[in-house]
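Chain by chain, the residues run as shown.
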Amino acid sequence: MKQSYSPHKLNKFILLLCCSILFINCKQDQKSEKIEAATTLKDAYKNHFLMGTAVNDGQITGKDSLGVQLIKEQFNTITPENSMKWMFMEPQQGEFNFEMADRYIDFSEKNNLVFIGHNLVWHSQLAPWVAEIDSKEELHNSLKNHVQTIASRYKGKIHGWDVVNEALNEDGTLRNSVFLEKLGPEYLTNAFKWAQEADPNVELYYNDYNMTQPAKRAGAIKLVKNLKEQGAKVDGIGMQGHWSLEGPSLQEIEESIIAYSELGVKVMITELDITALPNPWDLEGAEVSQNFEGSEFMNPYTEQLPDSVSNKLAKRYQDIFALFKKHQDKISRVTFWGVNDGQTWLNNWPIDNRTNYPLLFDRQFKTKEAYHSVMQVAKDSTF
Ligand code: G3I
C-alpha cells in the first residue's frame, strides 16, 4: 500500500532532522573544545622549560578544588607560597612543624609535580625568636639546625631549594638582615654548604627580586661568584619577576638572563606576575615592608579589567614569553606567583584590598587574554 505523508508528519520529520544536525554540531563543538583544553601551558612549553605556579594551603588541603584541578591540568612544577617559610616550619626554637610541608610534598608526589622548596633562609616571615638571639654562636647553630633539619627531612623529594632569598639591597650590597648583622657574610656560604651536606643531589638556588636592575644584577653576580669561590654549590639563580606593564624593559630582562647564564648556572623565573594597577611611586620588586594608603584612584578596576589594559597585559606577557623562548637554552623553569587573580598577593601589596589582575587565570579560573597570548608564543614558530 502506498504511504502518504501528511504535512504534520513532514513537519515532525523536519524537526527531527534539525535536532539531529544540531546535536551533531554540538558534539563536534564539544570535541574541538576538548582538543583546545588538552593544550595546556605545561604541554605547550614542554620542549622549552618547566611551567609552574605557587600553591597555597587551600589548594593542598583540597578546599580550593577548582584551583587543584587547574594546577594539575596546566602546570608541572609547584612552589609553596608561604608554608615552608621559617615562621611556619620552626615557630619555636628547635621545634619543627612539618605537618603542612609534608602535605605539600605528598601533593606533588601524587600529582607528579616537580617540587621547589621555598625557602631556607630569608629575613622576612622569620619566627620572632630568631631576632631575639644575642650570641653569634647560638644564631650560627640555629641557622645550621634549621637548614639541615629541613633539607635532610625532604632529601630526595625536592628538586631544588631557594636556599637564600632576598639577601641583597637594591644597590647590590648585602642586606643588613639579622643574619648578616650577627654572623657576617659567611652565613650565605654556610647555608649553601649545609643544604648540600643534607641533600647532596638537590639543586640549590639564590632567589631575589629586581634582578634585572644593573646595580642589583652586579651584586647578585658578585655574590654567586663569591659563593662558588668559597666552595659552595650554586645550581641556579631565581629572578622572581614581580614586574609591571612598563618595566623592566625587555632589554634589561634579556641582558640579565644572559649575564646570569654566563656564570654557568641555570636561570629561573621564579615568581612571575605583572601588576595591572597604578604604581605612582614607581615601586619595583617585592619589598614586603612597603605599604601605602588606598584610594579609588589607586584601585580603578574593581569590577573588571578594561579591554585596553587587558590588551596591554596580553602584549606584555607575549613579549616576555617570546624572550623566554628565545633563551630557552638558559631558562629551566618559569613559575607564576599564584594560580588566579583572586589569590595573588598583589591584591594586598603595596596597598591592601585592591583588585589586581596579574596572572593568566581570572577569579573564576577562566583563561584570560594573557593566557592565550602566552600559548600563542609557544605554538607560533615566528616567536
Ligand atoms: O596566615 C595569616 C592569616 O591567619 C590572617 O588571617 C591573614 C590576615 O592578613 O594573614 C595571613 O598571613 C598572610 C600570609 O601571606 C598568608 O596568606 C600575611 O598577612 C601576608 O603578609 C603574607 O604575605 C605573603 C608574603 O610573601 C609575606 O612576606 C604572600 O602571601 C606571599 O605571596 C609573599 O611571597 C613572597 C615570596 O615568598 C618571596 N618573594 C616576594 C614574594 C611577594 O612578597
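Relevant structure appears above.
Residues numbered from 1 in each chain as written. Predicted model: local features only at pLDDT ≥ 70, side-chain atom pairs only at ≥ 80, totals over all residues. Heavy atoms only, no water.

**Student:** Sorry if this is basic, but what is going on with unusual backbone geometry here?
**Tutor:** Negative phi is the rule for most residues except glycine; trans is the rule for most peptide bonds. Look at the link from His118 to Asn119: it is a cis peptide, with omega at -5°. Examined against the element boundaries, Asn119 turns out to sit in strand S3 (residues 114-121). Look at the link from Trp349 to Pro350: it is a cis peptide, with omega at 0°. With respect to the helices, strands and loops of the structure, Pro350 is situated in the loop between strand S9 (331-336) and helix H14 (369-379). Of note in this structure, Glu166 is not a glycine but carries a positive phi near 55°. Following the sequence through the fold, Glu166 ends up in the loop between strand S4 (160-165) and helix H9 (178-183). For Phe365, which is not glycine, the phi dihedral falls at a positive 70°. For Phe365, the position within the fold is in the loop between S9 and H14. (Helix = DSSP H or I, 4+ residues; strand = E, 2+ residues; numbered from the N terminus.)

**Student:** Please explain the site of the ligand as it appears in this structure.
**Tutor:** Residues in close proximity to the ligand total 16 residues, the closest being Glu81, Lys85, His118, Glu166 and Glu271. The contact in question runs from an oxygen atom of the ligand to an N or O atom on the side chain of His118, over 2.7 Å. The protein chains hide 52% of the 790 Å² of surface that the ligand would expose on its own. Here the shell around the ligand is composed, by residue class, of five nonpolar, seven polar and four charged. (Near = heavy atom within 4 Å. Polar contact = N/O pair within 3.5 Å; in protein donor to acceptor, adjacent residues only side chain to side chain. Areas by Shrake-Rupley, 256 points an atom, 1.4 Å probe, with all protein chains shown as cover. Nonpolar A, V, L, I, M, F, W, Y, C, P; charged D, E, K, R; others polar.)

**Student:** Quick question: what am I supposed to make of the nonpolar core here?
**Tutor:** Soluble globular proteins tend to pack their nonpolar side chains together in the buried interior. In this structure, Met51, Tyr154, Trp161, Phe179, Tyr317, Phe321 and Phe324 are the most contacted members of the largest nonpolar core, which totals 106 residues. By residue number, the principal contributor to this core is helix H13 (residues 307-326), which donates eight residues. Excluding residues that lie within four positions of it along the chain, Met51 makes contacts with Leu41, Lys42, Tyr45, Phe75, Asn76, Thr77, Phe321, Val334, Phe336 and Val374. By size, the runner-up hydrophobic cluster in this structure holds five residues, among which are Trp337, Trp345, Leu346 and Trp349. (Core = buried A, V, L, I, M, F, W, Y, C linked by side-chain atoms within 4.5 Å. Buried < 20%, exposed > 50% of the residue type's maximum accessible area, 1.4 Å probe, protein only. Contact = heavy atoms within 4.5 Å.)

**Student:** Looking at this structure, I do not really get the pattern of salt bridges. What am I missing?
**Tutor:** Two side chains carrying opposite charge are able to pair once their charged atoms lie near each other. Counted by the stated rule, this structure contains 11 salt bridges. Salt-bridge contacts for Lys216 lead to Asp208; the nearest nitrogen and oxygen are separated by 3.2 Å. One salt bridge connects Arg217 with Glu255, and the closest N-O pair in it is separated by 3.8 Å. Of this pair, Arg217 sits in helix H11 (residues 214-229) while Glu255 sits in helix H12 (residues 250-261); the two residues are 38 residues apart in sequence, bridging distant segments of the chain. Via salt bridges that share partners, Glu170, Asp208 and Lys216 belong to a single interconnected network. (Salt bridge = Lys/Arg side-chain N within 4 Å of Asp/Glu carboxyl O.)

**Student:** I'm lost on helix H8 (residues 136-153) in this one. Help?
**Tutor:** Because the α-helix completes a turn every 3.6 residues, residues three or four places apart line up on one side. Taking 1.5 Å as the rise per residue, H8 with 18 residues should run 26 Å; its terminal C-alpha atoms sit 26 Å apart, in good agreement. Every buried residue of H8 is accounted for by Leu139, Ser142, Leu143, His146, Val147, Ile150 and Ala151. The buried residues of H8 occupy an angular sector of 140° when the element is viewed end-on, so they sit on one face. Where H8 is buried, its residues contact helix H5 (86-89), S3, helix H7 (128-131), S4, H9 and helix H10 (186-198). (Expected span 1.5 Å × (residues − 1). Arc of directions from axis to C-beta.)

**Student:** How do you make sense of the side chain of Glu254 when you look at a structure like this?
**Tutor:** The topology assignment puts Glu254 in helix H12. Leave out the neighbours within four places in its chain, and Glu254 touches Leu323, Lys326 and His327.

**Student:** I would appreciate a short explanation of H10 in the present structure.
**Tutor:** The terminal C-alpha atoms of H10, which comprises 13 residues, lie 18 Å apart, in line with the 18 Å expected from a rise of 1.5 Å per residue. Considering only its buried residues, H10 is in contact with S3, H8, S4, H9, strand S5 (203-208) and H11.

**Student:** I'm lost on the environment of Tyr205 in this one. Help?
**Tutor:** Tracing the backbone through its elements, the reader meets Tyr205 in strand S5. In this structure the C-alpha to C-alpha distance between Tyr205 and Ile237, which are 32 residues apart in sequence, comes to 5.4 Å. Not counting chain neighbours up to four residues away, the residues in contact with Tyr205 comprise Ile116, His159, Gly160, Trp161, Asp162, Val163, Val164, Phe192, Asp235, Gly236, Met268 and Arg333.

**Student:** I'm lost on the packing of aromatic side chains in this one. Help?
**Tutor:** The description of an aromatic ring pair rests on the distance of the ring centres and on the angle between the ring planes. Scanning the entire structure with this criterion turns up 17 aromatic pairs. An angle of 15° between the planes, with centres 5.3 Å apart, marks the rings of Tyr45 and Phe49 as stacked. With respect to burial, Tyr45 and Phe49 carry one shared label: buried. Between Tyr317 and Phe321, the aromatic rings sit 6.4 Å apart at their centres with planes inclined by 40°, giving tilted as the arrangement. Taken together, the positions of Tyr317 and Phe321, both in helix H13 and four residues apart, correspond to about one turn of that helix. By way of ring pairs, the aromatic residues Tyr45, Phe49, Phe75, Trp243, Tyr317, Phe321, Phe324, Phe336, Phe361 and Tyr371 are connected into one cluster. Positioned over the ring face of Phe98 is Arg153, at 3.9 Å from the centre of the ring. Cation over ring: Lys216 sits above Tyr209, and NZ or CZ is 3.9 Å from the ring centre. (Phe/Tyr/Trp six-rings, centres within 6.5 Å; stacked < 30°, edge-to-face > 60°. Lys NZ or Arg CZ within 6 Å of the ring centre and 35° of its normal.)

**Student:** What exactly am I supposed to notice about the pairing of strand S2 (residues 77-80) here?
**Tutor:** It is a general feature of regular strands that their side chains alternate between the two faces of the sheet. Alternating positions in S2 separate into two faces, Thr77 and Thr79 on one and Ile78 and Pro80 on the other, with burial throughout. Here S2 pairs with S3 via two bridges, running parallel. The residue of S3 that forms the bridge with Ile78 is Phe115. (Pairing = 2+ DSSP bridges.)

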